[in-house]
Amino acid sequence: MRLCGTCGDEIRSPGWRCASCGASPAVLDGFLAFAPELAVATDAFPEKCYGDLARLEPGNFWFRSRNRLICWALGAYFPSAENFLEVGCGTGYVLHGVEIAFPSLALHGSELHISGLRAASQRLSRANLFQMDARRIPFRGEFDAIGCFDVIEHIEEDERALCEIHSALKPGGGFLMTVPQHPSLWGPSDEFGGHVRRYERRALLTKLRQAGFSIVRASSFVSFLLPALATSRLWTRKSGAPYDPTAELKLNALVNAAFGGIMGCEIALIRAGWNFPAGGSLIVIATKS
């Protein structure tokens, strides 16, 4: 079911024009825009960030490893899904991985900022992309699976976004999410990235249950590298040196390869059934109750 963003009535026609009030979503740079007033990048996440991310993501061990984990989880836990929405698709790096891994899956991607959608459109060949505020999703009972990867921590009203995601899923639909974990790891990278919080596992799972989700599985990752991450964050906080937001993405090739190998071991153990109790990030697999 699709909803009119103006009056809230169901839209039954093939397009997005509401028969009740006559309203239609705006179109910005060729993308449907359901929250056009929020579509321009802000100082908290400037437009340049999307270009930097698009350039650095494919070579960085963390993004590559997270994609492997996400694609495995989607196939392992929701193999019968026919359509998938990524809320907050950014530059399209995750959707590109899903596009390759699941050639028959109908893909949709939303992003708050049009500059992110521009970058994503350069990567993707068959995903339906649109601008949207995760706190106001214009769908009800529409998707077999939804993903939200390192997005919710940017949203002050995260409970509202989780309820909207729950409503957009079909009954029994699947939800995959990743978030940064452990408030003690808070640092300049969180501030620069526009994070509102880093999560504690128990608090996040409580919010998911309150939104109507049943938790299938939750595991930390970036666990073996947690000591290195904690040391890096502590040094950054205490050094007083100017913060380079891309430094963590521009690792020495040998270090990047070594960290990628370590993450590969983690993913193998998660696939085998291990749930890590601590780590820089958390993945949660849930279903709509």
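About the criteria used
Residues numbered from 1 in each chain as written. Predicted model: local features only at pLDDT ≥ 70, side-chain atom pairs only at ≥ 80, totals over all residues. Heavy atoms only, no water. Core = buried A, V, L, I, M, F, W, Y, C linked by side-chain atoms within 4.5 Å. Buried < 20%, exposed > 50% of the residue type's maximum accessible area, 1.4 Å probe, protein only. Helix = DSSP H or I, 4+ residues; strand = E, 2+ residues; numbered from the N terminus. Contact = heavy atoms within 4.5 Å. Phe/Tyr/Trp six-rings, centres within 6.5 Å; stacked < 30°, edge-to-face > 60°. Lys NZ or Arg CZ within 6 Å of the ring centre and 35° of its normal. Pairing = 2+ DSSP bridges. Axes fitted to C-alpha atoms, helices over the stretch in contact; angles between N-to-C directions. Salt bridge = Lys/Arg side-chain N within 4 Å of Asp/Glu carboxyl O. Polar contact = N/O pair within 3.5 Å; in protein donor to acceptor, adjacent residues only side chain to side chain.

Visitor: Help me get a handle on the nonpolar core, residues and values and all.
Guide: Membership of the largest hydrophobic core comes to 40 residues, with the highest contact counts inside it found for L74, F84, L95, V98, L129 and F221. Listed by contribution, the elements that provide at least two residues to this core are α2 (61-77), α3 (93-101), α4 (114-123), β8 (143-149), α9 (253-271) and β11 (281-288). Considering every element that reaches this core, the biggest residue donor is α2, with 9 residues. Beyond its immediate chain neighbours, meaning those up to four positions away, F221 contacts W62, R66, L69, T178, M263, E266, I270, G279, G280, S281, L282 and I283. Formed by 37 residues, the second largest nonpolar core is a distinct cluster that contains I146, A168, F175 and L282.

Visitor: Let's hear about the packing of aromatic side chains: which residues, and what values?
Guide: Given two aromatic rings, one states the distance between the centres and the angle between the planes to describe the pair. Tallying each qualifying case throughout the model produces 12 aromatic pairs. When the ring of W72 is compared with that of Y77, the centres are 5.8 Å apart and the planes differ by 85°; the resulting orientation is edge-to-face. The class for Y77 is partly exposed, based on a relative accessible area of 28%. Ring centres 5.4 Å apart and planes at 85° place the aromatic pair F224 and F276 in the edge-to-face group. With a gap of 52 residues between them, F224 in the loop between β10 (213-221) and α8 (226-239) and F276 in the loop between α9 and β11 connect regions that are remote in the sequence. A residue is classified by how much of its surface remains accessible, and F224, at 43% relative accessible area, is partly exposed. Within the aromatic cluster, the residues linked to one another by ring pairs are W16, F34, F130, F139 and F143. Directly above the aromatic system of W16 lies the positively charged group of R2, at a separation of 5.0 Å from the ring centroid.

Visitor: Would you mind going over the sheet that holds strand β6 (residues 106-111) in detail, with residue names and values included?
Guide: Taken in spatial order, the 9 strands of this open sheet run β3-β4-β7-β6-β5-β8-β9-β11-β10, and their pairing is mixed. Two strands in the sheet have a free side with no partner beyond their single neighbour: β3 (26-28) and β10. With direction set aside, neighbouring strand axes in the sheet form an average angle of 20°. Pairing analysis gives 5 bridges linking strand β5 (residues 83-87) to β6, with the strands arranged parallel. Among the inter-strand pairings, N83 is bridged to a residue of β6, identified as A106.

Visitor: Describe the pattern of salt bridges, and please don't skip the residues or the numbers.
Guide: Inspection of the entire model under this criterion finds 15 salt bridges. In this structure, the salt-bridge partner of R55 is D52, at a minimum N-O distance of 3.4 Å. One end of the pair, R55, and the other, D52, are both in helix α1 (residues 47-56), 3 residues apart, so they sit about a helical turn from each other. Relative accessible area serves as the criterion here: at 55%, R55 is assigned to the exposed category. Taken together, the shared-partner salt bridges connect E37, D133, R135, R136 and E157 into one network.

Visitor: Quick one: what's the story with the side chain of D190, residue by residue and with numbers?
Guide: With respect to the element layout, D190 can be found in helix α6 (residues 188-192). On the accessibility criterion, D190 (1% relative accessible area) is buried. Separated by 2.9 Å, the side chains of D190 and R198 make a polar contact. Those residues in contact with D190 that sit more than four places away from it in its chain are L185, H195, R198 and R233.

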